[in-house]
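# Understanding the architecture of this molecule
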Number of protein chains: 2
Amino acid sequence: MEKSVGIVKTRQVTLAQPPADLRLENGRQFGPITIAYETYGHLNKEHTNAILILHALSGDSHAAGYHEGETKPGWWDAMVGPGKAFDTNIYHVICSNVLGGCQGSAGPSSIDPATNKPYGLNFPIITIADMVNCQKLLLDFLGIEKLYAIAGGSIGGMQVLQWAAAYPEMVRHAIPIAATLRHSAQQIAFDEVGRQAIMSDPEWNNGDYYGKKVPAKGLALARMIGHITYMSEFSMAEKFGRRLKSKEKYGFSFTQDFEVEGYLRYRGDSFVQRFDANSYLYITKAMDYFDLITDYKTDLFRGIKTRFLVLSFSSDWLYPPANSKEIVRALKRHGAEVSYCEIESNYGHDSFLVEFEEETFLIRNFLAAQKP
Amino acid sequence: MEKSVGIVKTRQVTLAQPPADLRLENGRQFGPITIAYETYGHLNKEHTNAILILHALSGDSHAAGYHEGETKPGWWDAMVGPGKAFDTNIYHVICSNVLGGCQGSAGPSSIDPATNKPYGLNFPIITIADMVNCQKLLLDFLGIEKLYAIAGGSIGGMQVLQWAAAYPEMVRHAIPIAATLRHSAQQIAFDEVGRQAIMSDPEWNNGDYYGKKVPAKGLALARMIGHITYMSEFSMAEKFGRRLKSKEKYGFSFTQDFEVEGYLRYRGDSFVQRFDANSYLYITKAMDYFDLITDYKTDLFRGIKTRFLVLSFSSDWLYPPANSKEIVRALKRHGAEVSYCEIESNYGHDSFLVEFEEETFLIRNFLAAQKP
């Protein structure tokens, strides 16, 4: 636990209590909304050292440290802690589970107070902007008016961009990693196939499966598809190649012959243990709706004072460097202060959860250029 | 029907009649084997002008011309016919449905003579080599001892390579298009997810669904996944972008919002009308087992006299140009005569079914350099 934030606890707060409920992008008023979050390091007296970390599709609010009795640290523990990239000796780091999630924040598996049953498909369709607006309510609750920085990879990076677009005056530094300004046709296509996998599973039962058998096969399939897109061709070749699960030659049956098949099956099955299929539908839909270019047009990032560090990874083919360069162009159009770095890595989209040394180097220096 | 081979008929022949049944790679003796095939143009007296065309995963023996009463020509009609790349005024062109297929050749949906019921999973697991050995039996039956050329894209290209490796003395010219010497981990991964989609469908019923409901959802899903890999990111962006199916803004439901979603669903559903789910399992498994490098080691292409034209497409990320360059290297190691061309195209793996002008130009000149 050296250089760890140590034992941490997830907290929950219920926000958007009616009549102050949240107006969602779909027009619906929604509340109350429970949000799960964790914090690390101390908020300074002036409340100027807060950093908001935003998680990816399958992540949660447990970014760093250890939950009591557990040996696995948070998902970005290598990046958040004393002396680390997001240095908890200097910064007060916050991470919350997204709206629509299934790790303590309001989502389709939460209890609908109107019926005392899980929402299921009665949960409203949400967007990245709705997620960010919930995070804004959380910051209001925590008494934080301005963030020293926001950072996140993948859909976390999309939230970073939404924050900068919607609340530029609240954000001093923004670090979108392996992200995009809008979902492309191919990105939508992969998400849609994942959703179809879930919705084709008879156990899905139109989203009403809580307390019954879950759509395990559909969700596992969706995750398997996702995993292929998170890795690079190279990293798959390096990790598995054509290695067989048994030492014999091919099995000549439809059981798994290759290690890569076993790995995908394992990742799919273990995902089912920790993630809700409906949350997968809701969050991927939010990703597909994400389109800052159409939503903001030429106003996007106009007059923004936020300093940006845009990061991409050379072998990421799901959110390729071209997507990040589009972010840089959109920022530069209005003269924003932006640094861009394409990190050489073979790990594909997953690189942001692997290339800690390079990320630490870049992020630490970027954040240290100013003072909280 | 200008420059068409006109009305054509699919023929069937039953080969590998016991006791002359075929020894499969899995060790099993198998027969009888019915093979569906079509021919175009005339076989010359010397039997030296035959060209074997090999179809891709979802293709069939109907490569050119029209079936009586139909308006849609064969799948490579733009390439096969009088004056076309495979000029039926000069060559005798043959195309057969692969072993394991569902378009007239023996496959899991065929009747097992031992039980008088469809094979289902009692059909043996087959390999690319088994497919090629069946084509060899077909040529024996047709009295063709040497092929002027063999050509095919994707899994058709793998069969081209298998032909050249196993029967080099029978092949004067070989044209593997968008192919590979062996399936990579990523290629296996995509296939495995497609198979899991089918096998997760309860209607699949362990392969025993003939005469009952077919695993339509699973097969459609597999096809949707496949389609994403057949297109390029660019061609998807160009064809669909983020265009919505209706003119309104997002539907805020899990019905399809985007044109790309509707397209994938359509392609998935229409595939179910014409393809057998078990054949999808068998053929993708054969692709995954394909590995000429391990099977032949340094003997691969040693002393080969066949002339090669290796074609790839710049935007093909499923069987990228790097795979084709590996073919070229393996051939060059033993001094084979090989031309390589990477065709600039935005259509991804599907390019070989789109870029007819460029393919025609290259293939016609390649074939015309010698005389049948």
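The structure displayed is predicted, hence computed values, not measured ones.

### A closer look at the relation of the copies chain A and chain B
The transform that puts chain A on chain B rotates by 180° and translates by 0.0 Å along the axis, for an RMSD of 0.0 Å. Those values place the two copies in the arrangement expected of a two-fold rotation axis. Most of the interface of chain A is mirrored in chain B, where 100% of its interface residues are also at the interface.

### A closer look at the packing of aromatic side chains
Within this structure, the stated rule accounts for 43 aromatic pairs over all chains. The interplanar angle of 70° and the centroid separation of 5.3 Å between the aromatic rings of Tyr289 of chain A and Phe252 of chain B together place this pair among those described as edge-to-face. Remark: Phe252 of chain B occurs in the loop between helix H5 (233-239) and helix H6 (259-274) and Tyr289 of chain A occurs in helix H7 (residues 277-289); the pair is interchain, linking two chains. Assessed through its relative accessible area of 3%, Tyr289 of chain A is described here as buried. The class of Phe252 of chain B is partly exposed, set by a relative accessible area of 22%. By way of ring pairs, the aromatic residues Phe30, Tyr119, Phe123 and Tyr282 of chain A together with Phe254 of chain B are connected into one cluster. Lying across the ring of Phe271 of chain A, Arg223 of chain A places its NZ or CZ 4.1 Å from the centre.

### Examining the sheet that holds strand E10 (residues 92-96) of chain B
Residues and elements named next belong to chain B. Strand order in the open sheet formed by eight strands is E2-E5-E10-E6-E13-E14-E15-E16, and the pairing between neighbours is mixed. Each edge of the open sheet carries a strand with a single partner, namely strand E2 (11-15) and strand E16 (337-343). Averaged over neighbouring strand pairs, the angle between their axes works out to 20° when direction is ignored. One ladder, built from six bridges, connects strand E13 (residues 147-153) with strand E14 (residues 171-177); its direction is parallel. What sits directly across from Ala151, in E14, is Ile175.

### Digging into the environment of Val328 of chain B
Residues and elements named next belong to chain B. Residue placement: Val328 occurs in helix H9 (residues 321-333). On the basis of relative accessible area, Val328 is assigned to the buried category, the value being 14%. Placed 20 residues apart in sequence, Val328 and Phe308 show a C-alpha to C-alpha distance of 8.8 Å. With residues up to four places along the chain from it excluded, the contact list for Val328 reads Val310, Val338 and Tyr340.

### Observations concerning the state of the cysteines
As enumerated under the stated definition, the model contains zero disulfides over all chains in all. Free cysteine: Cys95 of chain A, not disulfide-bonded; nearest cysteine sulfur from Cys102 of chain A at 14 Å. The exposure class of Cys95 of chain A is buried, given its relative accessible area of 0%. As a non-bridged cysteine, Cys134 of chain B has Cys95 of chain B as the owner of its nearest cysteine sulfur, 14 Å distant.

### Observations concerning helix H3 (residues 185-199) of chain B
For H3 of chain B, spanning 15 residues, the distance from its first C-alpha to its last is 20 Å, which sits close to the expected 21 Å at 1.5 Å a residue. Of all 15 residues in H3 of chain B, 15 are buried, a share of seventy percent or more.

### Things to note about helix H6 (residues 259-274) of chain A
The end-to-end C-alpha distance of H6 of chain A is 23 Å, a good match for the 22 Å that 16 residues give at a rise of 1.5 Å each. Regarding H6 of chain A, the residues found buried are Val260, Glu261, Gly262, Tyr263, Leu264, Gly268, Phe271 and Val272 of chain A. Where H6 of chain A is buried, its residues touch helix H4 (216-230), helix H5 (233-239) and H7 of chain A together with H3 and helix H7 (277-289) of chain B.

### Observations regarding the interface of chain A and chain B
Contacts between chain A and chain B engage 56 residues on the former and 56 residues on the latter. Surface buried jointly by chain A and chain B totals about 4800 Å² across both partners, of which 70% is contributed by carbon and sulfur atoms. Of all residues in chain A, Arg242, Phe252 and Phe254 of chain A bury the most surface against chain B, accounting for 18% of the area lost on that side. The interface formed by chain A and chain B includes ten salt bridges. The shortest N-O distance in the salt bridge between Glu261 of chain B and Arg195 of chain A comes to 2.8 Å. Among the elements of the structure, helix H3 (185-199), H4, H5, H6 and H7 of chain A are those that each provide at least two residues to the side of chain A that touches chain B. At eleven residues, H3 of chain A tops the list of elements feeding residues into the side of chain A that touches chain B.

### Brief notes about the domain arrangement of chain A
Residue and element names in this part refer to chain A. By the assigned domains, chain A splits into domain 1 (7-183 + 291-368) and domain 2 (187-284). When each unit is reduced to the centre of its C-alpha atoms, the spacing between domain 1 and domain 2 is 26 Å. Listed by partner, the interface residues are 33 residues for domain 1 and 26 residues for domain 2. Connecting domain 1 to domain 2 are zero salt bridges. Counting across the interface, domain 1 meets domain 2 through 15 residue pairs in polar contact (both at pLDDT 80 or more). Residue classes in the side of domain 1 that touches domain 2 are distributed as 17 nonpolar, 14 polar and two charged.

### Some thoughts on a nonpolar patch on the surface
Together, Tyr347, Leu353 and Val354 of chain A make up a nonpolar patch on the protein surface, roughly 230 Å² of accessible area in all. As for its placement among the helices and strands, Leu353 of chain A is situated in the loop between strand E16 (337-343) and helix H10 (356-368).

### Quick word on the pairing of strand E6 (residues 50-54) of chain A
All names here are of chain A. Across the five residues of E6, five count as buried, placing the element largely inside the fold. Every second residue of E6 is oriented toward a common face, with Ala50, Leu52 and Leu54 on one face and Ile51 and Ile53 on the other, all of them buried. Strand direction decides the pairing type here: E6 and strand E10 (residues 92-96), joined by four bridges, are parallel. Paired with Leu52 across the two strands is Ile94, which belongs to E10. Alignment of E6 against strand E13 (residues 147-153), held across four bridges, turns out to be parallel. Along E13, the bridge assignment pairs Leu52 with Ile150.

### Looking at the pairing of E16 of chain B
All names here are of chain B. Note that strand E15 (residues 307-313) and E16 share seven bridges and pair parallel. Residue pairing for E16: Val310 is matched across the bridge by Tyr340. In this region the chain leaves E15, passes through H9 and returns to the parallel neighbour E16; the handedness of that crossover is right-handed.

### Considering the packing of H3 of chain B against helix H4 (residues 216-230) of chain B
Residues and elements named next belong to chain B. Interhelical geometry of H3 versus H4 gives an angle of 160° and a closest axis separation of 7 Å. As far as their axial angle goes, H4 and H3 are roughly antiparallel. Relative to H4, the crossing made by H3 is right-handed. Note on element contacts: H4 touches H3 through Gly218, Leu219, Leu221, Ala222, Ile225 and Thr229, opposite Phe190, Val193, Gly194, Ala197 and Ile198.

### Considering the nonpolar core
Phe86, Trp163 and Phe301 of chain A together with Phe86, Trp163 and Phe301 of chain B are the most contacted members of the largest nonpolar core, which has 256 residues in total. Not counting the four nearest positions on each side in its chain, Phe86 of chain B is found in contact with Ile51, Ile53, Trp76, Met79, Val80, Gly81, Tyr91, Val93, Ala151, Ile175, Ile363 and Leu367 of chain B.

Rules behind the numbers
Residues numbered from 1 in each chain as written. Chains lettered and ligands numbered in written order. Predicted model: local features only at pLDDT ≥ 70, side-chain atom pairs only at ≥ 80, totals over all residues. Heavy atoms only, no water. Least-squares fit on C-alpha atoms with pLDDT ≥ 70 in both. Contact = heavy atoms within 4.5 Å. Phe/Tyr/Trp six-rings, centres within 6.5 Å; stacked < 30°, edge-to-face > 60°. Helix = DSSP H or I, 4+ residues; strand = E, 2+ residues; numbered from the N terminus. Buried < 20%, exposed > 50% of the residue type's maximum accessible area, 1.4 Å probe, protein only. Lys NZ or Arg CZ within 6 Å of the ring centre and 35° of its normal. Pairing = 2+ DSSP bridges. Axes fitted to C-alpha atoms, helices over the stretch in contact; angles between N-to-C directions. Disulfide = S-S within 2.5 Å. Expected span 1.5 Å × (residues − 1). Buried area = accessible area lost by both parts, 1.4 Å probe. Salt bridge = Lys/Arg side-chain N within 4 Å of Asp/Glu carboxyl O. Domains from an automatic or database assignment. Polar contact = N/O pair within 3.5 Å; in protein donor to acceptor, adjacent residues only side chain to side chain. Nonpolar A, V, L, I, M, F, W, Y, C, P; charged D, E, K, R; others polar. Patch = residues over 30% accessible without salt bridge, like charges linked within 9 Å, V, L, I, M, F, W, Y side chains within 5 Å. Areas by Shrake-Rupley, 256 points an atom, 1.4 Å probe, with all protein chains shown as cover. Right-handed = clockwise from strand over helix to strand, strands pointing away. Parallel < 35°, antiparallel > 145°, perpendicular 65-115°, else oblique. Left-handed = near helix turned anticlockwise from the far one by under 90°. Core = buried A, V, L, I, M, F, W, Y, C linked by side-chain atoms within 4.5 Å.

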